[in-house]
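Coordinates in review
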Amino acid sequence: QVQLVESGGGLVQAGGSLRLSCAASGRTFNIYAVGWFRQAPGKEREFVAAINWSGGTTYYAESVKGRFTISRDNAKNTVFLQMNSLNPEDTAVYYCARSSLSRVTMAPQDYTYWGQGTQVTVSS
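The structure presented is a predicted model; accordingly, all values stated were derived computationally and were not measured. (Residues numbered from 1 in each chain as written. Predicted model: local features only at pLDDT ≥ 70, side-chain atom pairs only at ≥ 80, totals over all residues. Heavy atoms only, no water.)

**Some thoughts on the overall build of the chain**
Heads up, the condition is: Helix numbers and strand numbers start at the N terminus; a helix is a DSSP run of H or I with at least 4 residues, a strand a run of E with at least 2. Between the two quantities, the radius of gyration covers C-alpha atoms and the globule rule is 2.2 Å times the number of residues to the power 0.38. Relative accessibility under 20% of the residue-type maximum defines a buried residue, over 50% an exposed one, and the middle range a partly exposed one, all with a 1.4 Å probe and only protein chains included. Any pair of residues with heavy atoms lying within 4.5 Å of one another is described as a contacting pair. The method behind every accessible area is Shrake-Rupley, applied with a 1.4 Å probe, and residues are considered shielded solely by the protein chains displayed. Residues scored as positive are Lys and Arg, those scored as negative are Asp and Glu, and His as well as the terminal groups of each chain are ignored. By convention, charge coordinates are those of NZ in Lys, CZ in Arg, CG in Asp, or CD in Glu.
Along its length, the chain carries zero helices and 11 strands. From first element to last, N terminus to C terminus, the chain shows the α and β order β-β-β-β-β-β-β-β-β-β-β. What you see for the chain is a C-alpha radius of gyration of 13 Å, in line with the 14 Å of a compact globule of 124 residues. The buried share of the chain, taken over its 124 residues, is 44%. Here the contacts in the chain between residues at least 6 apart in sequence split such that 59% fall between residues at least 24 apart. If you sum the accessible surface of the chain, you get close to 6,300 Å²; carbon and sulfur atoms cover 47% of it. Averaging the coordinates of the 11 positive side-chain charges in the chain and doing the same for the 8 negative ones gives two points 8 Å apart.

**Considerations on the pattern of salt bridges**
Threshold: For this document, the term salt bridge refers to a Lys or Arg side-chain nitrogen within 4 Å of an Asp or Glu carboxyl oxygen.
Inspection of the entire model under this criterion finds four salt bridges. Between arginine 38 and aspartate 90 there is a salt bridge; the shortest N-O distance is 2.9 Å. Placement of arginine 38 in strand 4 (residues 34–39) and of aspartate 90 in the loop between strand 8 (78–83) and strand 9 (92–99) is noted, with a sequence separation of 52 residues between them. Since its relative accessible area comes to 6%, arginine 38 is described here as buried. Sharing partners across several salt bridges, the network here consists of Arg38, Glu46, Arg67 and Asp90.

**As for unusual backbone geometry**
Although it is not a glycine, asparagine 77 adopts a positive phi angle of roughly 50°. Mapped onto the fold, asparagine 77 is located in the loop between strand 7 (68–73) and strand 8. At serine 85, a residue that is not glycine, the phi angle is positive and equals roughly 50°. Here serine 85 lies in the loop between strand 8 and strand 9.

**With respect to the state of the cysteines**
To keep things clear, this is the line we draw: Cysteine sulfur atoms are paired as a disulfide whenever they come within 2.5 Å of each other.
In this structure the tally under the stated criterion is one disulfide. A sulfur-sulfur distance of 2.0 Å marks the disulfide that ties cysteine 22 to cysteine 96. Residues cysteine 22 and cysteine 96 are joined by a disulfide whose S-S torsion is about 60°; by sign, that bridge is right-handed. A residue pair is termed long-range when its members are at least 10 positions apart, and cysteine 22 in strand 3 (residues 18–24) and cysteine 96 in strand 9 qualify at 74 residues. Owing to a relative accessible area of 0%, cysteine 96 belongs among the buried residues under this scheme.

**Looking at the nonpolar core**
To keep it simple, the criterion reads: Among the buried residues, those of types Ala, Val, Leu, Ile, Met, Phe, Trp, Tyr and Cys that are joined through side-chain atoms within 4.5 Å form a nonpolar core.
Core analysis: the largest hydrophobic core is formed by 33 residues, its most contacted members being Trp36, Leu81, Met83 and Tyr94. When residues of this core are traced back to their parent elements, those giving at least two are strand 3, strand 4, strand 5 (46–51), strand 7, strand 8, strand 9 and strand 11 (118–123). The element best represented in this core is strand 5, accounting for five residues.

Geometry only, nothing functional implied.
Here is the structure:
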């Protein structure tokens, strides 16, 4: 059984930064891609960023490209999302998810395990 636990969310002013962490259990974590998704109130869950099994390939939604950086430490079974230049439109619950694939993918149906989410609130 794989468990994912997100942390690092909180309240930040516009222009500020946060670093989210996703800690995973399971011995095979380092052979799968991991993604971050977010869901704002009244909106559907949307893709944010993904990283392949080795960390050598990343992919971002256009809305966060240049501001967010995804990375992973396979020795610690942890994936990070560094979020800079935050704006109120980034307010959402952020979820990490482990894919069933080793390559990057933005399709939610490719992700098998999901965390419970962490709230990010950006004030103007």
